[in-house]
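# Inside the fold
Chain by chain, the residues:
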Amino acid sequence: DSGVTQTPKHLITATGQRVTLRCSPRSGDLSVYWYQQSLDQGLQFLIHYYNGEERAKGNILERFSAQQFPDLHSELNLSSLELGDSALYFCASSVDRNTDTQYFGPGTRLTVL
Amino acid sequence: SQQGEEDPQALSIQEGENATMNCSYKTSINNLQWYRQNSGRGLVHLILIRSNEREKHSGRLRVTLDTSKKSSSLLITASRAADTASYFCAAAGGTSYGKLTFGQGTILTVHP
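The sections below set out a description of the structure shown in this document. Small disclaimer: the values here were computed from a predicted structure and weren't measured. (Residues numbered from 1 in each chain as written. Chains lettered and ligands numbered in written order. Predicted model: local features only at pLDDT ≥ 70, side-chain atom pairs only at ≥ 80, totals over all residues. Heavy atoms only, no water.)

### Examining the sheet that holds strand β3 (residues 19-24) of chain A
Residues and elements named next belong to chain A. How we decide: Paired strands, in this sense, are two strands between which DSSP finds at least two bridges. Here a helix means four or more residues in a row that DSSP labels H or I, a strand means two or more in a row labelled E, and each is numbered from the N terminus. Helix axes use the C-alpha atoms of the stretch in contact, all axes being lines fitted to C-alpha atoms, and the angles between their N-to-C directions lie in the range 0 to 180 degrees.
Spatially, β1-β3-β8-β7 is the arrangement adopted by the four strands of the open sheet, whose pairing is antiparallel. Each edge of the open sheet carries a strand with a single partner, namely β1 (5-7) and β7 (64-68). If you compare each strand with its neighbour and ignore which way they point, the axes differ by 15° on average. For β7 and strand β8 (residues 74-78), the ladder comprises five bridges, and the chain directions are antiparallel. Within β8, the position partnered with F64 by the bridge is L78.

Here's what the structure looks like:
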């Protein structure tokens, strides 16, 4: 158990809908990262937050947005969902904003029908 | 696109044998990390090697890093059936701060 929690574990929804994925980092970790894992794209970095501020953006679509709250938990919002958004979404956390070990949550499996 | 490229894509061995996986990356790094993933579950951190290190050991794991060739290898000695998983290298640093850039992964199957 990494100490990173993600909810929900599974999410099934329809095209055009909007969903919110939630992540709680390990106690004491200030950085939260979001990654998407799909069969065709592999593991892709989406976005990094450090202590409430956005630090880096990867290949994150404009339909996707994220935020980190004062209690350090983070939410990833996916809107106008398409079939191709079906994937595993992982959250990871680390102590600070640099390139330290990242601890991954169990992931949320999103299926868009 | 993936910065890290791994080789082989799949590896099948018998219990007790050693498994070697290789990874190449494209840009400068602060460190390189290896992760394991069991069948669609979360990634488990295995080992981190910094850019100024050449070799690192952790239990049955040995990682090497050659920054001149932009490559790394992961050796698992005396493999067990429980080592069956996908293994990913992840390049960290340069101008990317905390972002990890993952390779495509090596699927390791250890037969009992």
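Now that the structure is up, let's keep going.
### Here we look at the pairing of strand β4 (residues 31-38) of chain A
Residue and element names in this part refer to chain A. Filter applied, for reference: When a residue's accessible area, from a 1.4 Å probe over protein chains only, is under 20% of the maximum for its type it is buried; when over 50% it is exposed; and in between it is partly exposed.
Extensive coverage of β4 is indicated by the burial of eight of its eight residues. Here β4 shows two buried faces, one formed by S31, Y33, Y35 and Q37 and the other by V32, W34, Q36 and S38. Pairing analysis gives eight bridges linking β4 to strand β5 (residues 42-50), with the strands arranged antiparallel. Residue pairing across strands places Q37 opposite L43, the latter belonging to β5. What sits between β4 and β5 in their antiparallel hairpin is a turn of three residues. Here β4 runs beside strand β9 (residues 87-94); their pairing, made up of seven bridges, is antiparallel. Within the sheet, the bridge partner assigned to Y35 lies in β9 and is F90.

### Concerning the packing of aromatic side chains
For the record, the criterion: By convention, a stacked pair of Phe, Tyr or Trp rings (six-membered ring in the case of Trp) has centres within 6.5 Å and planes under 30 degrees apart, an edge-to-face pair has planes over 60 apart, and any other such pair is tilted. Put simply, a charge is over a ring when the Lys NZ or the Arg CZ is close to the ring centre, within 6 Å, and near the line of the ring normal, within 35 degrees.
Scanning the model with the defined rule gives nine aromatic pairs over all chains in all. Here A:F90 and A:F104 contribute two aromatic rings whose centre-to-centre distance is 6.3 Å and whose plane-to-plane angle is 75°, an arrangement assigned as edge-to-face. Linking A:F90 in strand β9 with A:F104 in strand β10 (residues 103-104), this pair joins segments that are 14 residues apart in sequence. The interplanar angle of 55° and the centroid separation of 5.8 Å between the aromatic rings of B:Y35 and B:F102 together place this pair among those described as tilted. Of this pair, B:Y35 sits in strand β4 (residues 31-37) while B:F102 sits in strand β10 (residues 100-102), and the two are 67 residues apart along the sequence. With respect to class, B:Y35 is no different from B:F102; both count as buried. Ring pairs connect the aromatic residues A:Y35, A:F45, A:F90, A:F104, B:Y35, B:F88 and B:F102, which therefore count as one cluster. Across the ring face of A:Y103, the terminal group of A:R26 is positioned such that the distance to the ring centre comes to 3.8 Å.

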